[in-house]
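Residues per chain are reported as follows:
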Amino acid sequence: MDANVLFSAAYRQGAGVGALWSLENVALSTSPYAVEEAERNLSTGEQRERLQQLLGPVQLVQTGTVPESVRQGVTLPDKDWPIIGGAIAAEATHLITGDLQHFGPYFHKRIAGILVVPPADYMRNARRTF
């Protein structure tokens, strides 16, 4: 999961994106890099505490560099490549992100073999598939 998904789930109790945590047969993962970004953008202690609670069942994976050969001509800001690196390290099938500005052009496409999807699309498809 990208930082904005973590942020959105922690920002407000009962946020819709929080439904990701209730999906069956889904293993959620993120990176400390994404957690740090989400935490930095949350403004209250209550939100940061909610984030920590949400992280309980989430697998944390280290990010790595993404070599040019894997980037396949994808254009992303430098700050977003560690998110892809974390998804690769997790051997993720999907990158769930709400970052329309940077990842939007890649929604429903694969980067390094990982399908990039917004949270609502992932939840809708996961409920039908799993």
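Report on the accompanying structure.

So, how was this worked out
Residues numbered from 1 in each chain as written. Predicted model: local features only at pLDDT ≥ 70, side-chain atom pairs only at ≥ 80, totals over all residues. Heavy atoms only, no water. Buried < 20%, exposed > 50% of the residue type's maximum accessible area, 1.4 Å probe, protein only. Helix = DSSP H or I, 4+ residues; strand = E, 2+ residues; numbered from the N terminus. Pairing = 2+ DSSP bridges. Contact = heavy atoms within 4.5 Å.

Side chains I114 and V116 project from strand 5 (residues 114-117) onto one buried face, and the interleaved L115 and V117 project onto a second face that is buried too. Bridge analysis of strand 4 (residues 110-111) against strand 5 gives two bridges, and the strand direction is antiparallel. Its bridge partner lying in strand 5, I111 is registered against I114. Turn length for the strand 4-strand 5 hairpin, with the two strands adjacent in sequence and antiparallel, is two residues, and the turn residue A112 shows positive phi of about 55°.

With that settled, consider the environment of I114. Within the secondary structure, I114 sits in strand 5. Overall, the relative accessible area of 4% leaves I114 in the buried class. Between the C-alpha atoms of I114 and E91, which are 23 residues apart in sequence, the distance is 8.5 Å. Discounting residues that sit within four places of it in the chain, I114 has contacts with I84, A87, I88, A92, T93, H94, L95 and K109.

The subject of this paragraph is the side chain of S29. As for its placement among the helices and strands, S29 is situated in strand 1 (residues 29-30). Once residues lying within four places of it in the same chain are set aside, the contact partners of S29 are M1, V58, Q59 and A90.

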